[in-house]
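# Examination of the molecular architecture
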Amino acid sequence: MYLCFLIISGKNSTAVAKARSSIQVLVDSSRDKVDWTHFLNIPLNMDVVKEHMSCFKRDVLEKYGKCRGVDPSIFQNPLKAHLTISVLKLINRSEIERAKEILQEFKRDAESILGTNPATIGLHGIEYMNDDPGEVDVLFAKVQLTDNSTRLQELVNVLALKMESEGLAEQNYNNVKLHVTMMNTKRRHDDSIGDRQHAYARRPSQPRVTFDASGILKELAEYSFGEVSLSEIHLSDRIGSATDGYYTKISSLDLSKLS
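Thresholds applied
- Residues numbered from 1 in each chain as written.
- Predicted model: local features only at pLDDT ≥ 70, side-chain atom pairs only at ≥ 80, totals over all residues.
- Heavy atoms only, no water.
- Pairing = 2+ DSSP bridges.
- Helix = DSSP H or I, 4+ residues; strand = E, 2+ residues; numbered from the N terminus.
- Axes fitted to C-alpha atoms, helices over the stretch in contact; angles between N-to-C directions.
- Contact = heavy atoms within 4.5 Å.
- Buried < 20%, exposed > 50% of the residue type's maximum accessible area, 1.4 Å probe, protein only.

## Notes on the sheet that holds strand 5 (residues 179–184)
With antiparallel pairing, the four strands of this open sheet are ordered in space as 5-4-3-6. In this open sheet, the two edge strands, each paired with only one partner strand, are strand 5 and strand 6 (224–229). Shown here is a sheet whose adjacent strand axes are inclined to one another by a mean of 25 degrees, direction ignored. Of the strand pairs in this sheet, strand 3 (residues 120–128) and strand 4 (residues 138–145) are connected by six bridges, and their pairing is antiparallel. Pairing of leucine 123 across the sheet is with valine 143, part of strand 4. Relative to the sheet, helix 2 (residues 47–64) contacts strand 3, strand 4, strand 5 and strand 6, its axis offset from that of strand 6 by approximately 170 degrees.

## Here we look at the environment of lysine 162
Along the chain, the position of lysine 162 falls in helix 5 (residues 151–165). Relative accessible area serves as the criterion here: at 31%, lysine 162 is assigned to the partly exposed category. Along the backbone, lysine 162 and leucine 103 are 59 residues apart, and their C-alpha atoms lie at a distance of 9.0 Å. Non-local contacts of lysine 162, meaning those with residues more than four positions away in its chain, are made with Ile102, Phe106 and Asp109.

## Overview of the pairing of strand 5
Counting buried positions over the six residues of strand 5 gives six, a clear majority of the element. Summarising the sheet, strand 4 and strand 5 pair through five bridges and their orientation is antiparallel. Opposite lysine 142, over in strand 5, you have histidine 179 as the bridge partner.

Next comes the structure, spelled out in structure tokens:
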């Protein structure tokens, strides 16, 4: 994202402080007009997951491509497969730096929560967000550690709460929902970000066209997308991509080297 700097000059320190306060009030009042800029995530774009996601898309389109609302555009890009921990609104350099600090400080918590036992994430089975399988906006893969422990849930809950307590993240009233999106009707309108300079401006919501997932859920309910090691947590820019096709990384915490 673009960062701007403002130099305030005045006759004395009192005038400068007053001007700074006035500007800060304007910035704070405009905060709600800015969309979420970054997010904490666990990358799941390993080869095994990408291959299964591609097969899932092929199977769905072959069998259910004529069902209402099902379209190639609503499938998640396998290169961006991830588990979202929390979305953040970081509108200046100090907030970005603070978020990076919190992530690195979280290493001790991660060591305490995960312990010395390897953590392997399994992506098995699909579910949907709302109550009607015939009117679905989001269909996702279920996520669980293969040892059936609650370590992953505790890990993401604690980190999300730390960001919330700093006023940087969206509030989660309950547990972080462990899921990996496979189909999302929002993607019908995300063909292009357009002008990056305005990418973080909150855009008017567009009406979403749901899809009928009844057949998919009946026949593919136990679809498996593979198992991968829990290796990293990323702080990523919500807009744009890195050279590997994944979200641009601002900072990361290596979970494979915990003591």
